[in-house]
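# Working through the structure, step by step
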Amino acid sequence: MSDSALASVTLPSLRAARSARERLAQAGFARNSIDIERRGDEFEVSISTKLENLDRAQDILLGNPVVQDIRDAGSRAIGAFHDNRPLALGLAAVAGFAIFHFSKRR
């Protein structure tokens, strides 16, 4: 009995298939275990993984790439603020001043 399983999804474009492959790789799956095959006008992305990782791989494959892109952009923005604390503090001060100014207007 094998301790590995295959997770796969069929996607409408090569771009979507490559995006799914990138999401799997960013989640820690080995790139050499991810296959993209053309099936007519669609593309199948499949990965052979351990049974305990099967649900996680399937969730990543079925995940919405737009949501993942938004999460990635948010992570990069947070990283930029952490890398440049004076800029973050300055922006927070400006936002606080603007809120104070507009709350005092009647």
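Refer to the structure printed above.
Here's what I pulled together on the structure shown here. The structure presented is a predicted model; accordingly, all values stated were derived computationally and were not measured.

### Some thoughts on the sheet that holds strand S1 (residues 4-11)
An order of S1-S3-S2 is seen for the three strands of this open sheet, with the pairing classed as antiparallel. Edge strands, defined here as strands with exactly one partner in the open sheet, are S1 and strand S2 (34-39). Averaged over all neighbouring strand pairs, the angle between strand axes comes to 25°, with direction disregarded. Across eight bridges, S1 lies against strand S3 (residues 42-50) in antiparallel orientation. The residue bridging Leu 11 from the neighbouring strand is Phe 43, located in S3. Strands S1, S2 and S3 of the sheet are contacted by helix H1 (residues 14-26), whose axis makes an angle of about 165° with S2.

### Some remarks on the pairing of S2
Each regular strand shows side chains that alternate between the opposite faces of the sheet. Relative to S3, S2 runs antiparallel, the two sharing six bridges. Bridging across to S3, Glu 37 finds its partner in Glu 44. Counted between consecutive antiparallel strands, the loop separating S2 from S3 contains two residues, among which Gly 40 sits at a positive phi close to 70°.

### With respect to the side chain of Thr 49
With respect to the helices and strands, Thr 49 occurs in strand S3. Excluding its chain neighbours within four sequence positions, the residues that come into contact with Thr 49 are Asp 3, Ser 4, Ala 5, Phe 29, Leu 54 and Ala 57.

### Some details on the side chain of Glu 44
Locating Glu 44 in the fold gives a position in strand S3. At 2.9 Å, the side chain of Glu 44 forms a polar contact with the side chain of Arg 39. Ignoring sequence-local partners within four residues, the contact set of Glu 44 consists of Ser 8, Val 9, Thr 10, Asp 35, Ile 36, Glu 37 and Arg 39.

### What about the pattern of salt bridges?
Per the stated rule, a full pass over the model turns up three salt bridges. Ionic pairing is found between Arg 31 and Glu 22, a salt bridge with its closest N-O pair at 2.8 Å. Look at Arg 31 and you get partly exposed, because its relative accessible area is 45%. Through salt bridges with shared partners, a single network forms among Glu 37, Arg 39 and Glu 44.

### So, the nonpolar core
Within the largest apolar cluster, 14 residues are counted, with the highest numbers of intra-cluster contacts made by Leu 11, Leu 24, Phe 29, Val 45, Ile 47, Ala 57 and Leu 61. Looking at this core, the elements that each hand over two or more residues are S1, H1, S3 and helix H2 (54-62). For Leu 11, the residues in contact, after removing those within four places along its chain, are Ala 16, Ala 17, Ala 20, Glu 42, Phe 43 and Val 45.

Calculation criteria
Residues numbered from 1 in each chain as written. Predicted model: local features only at pLDDT ≥ 70, side-chain atom pairs only at ≥ 80, totals over all residues. Heavy atoms only, no water. Pairing = 2+ DSSP bridges. Helix = DSSP H or I, 4+ residues; strand = E, 2+ residues; numbered from the N terminus. Axes fitted to C-alpha atoms, helices over the stretch in contact; angles between N-to-C directions. Contact = heavy atoms within 4.5 Å. Polar contact = N/O pair within 3.5 Å; in protein donor to acceptor, adjacent residues only side chain to side chain. Salt bridge = Lys/Arg side-chain N within 4 Å of Asp/Glu carboxyl O. Buried < 20%, exposed > 50% of the residue type's maximum accessible area, 1.4 Å probe, protein only. Core = buried A, V, L, I, M, F, W, Y, C linked by side-chain atoms within 4.5 Å.

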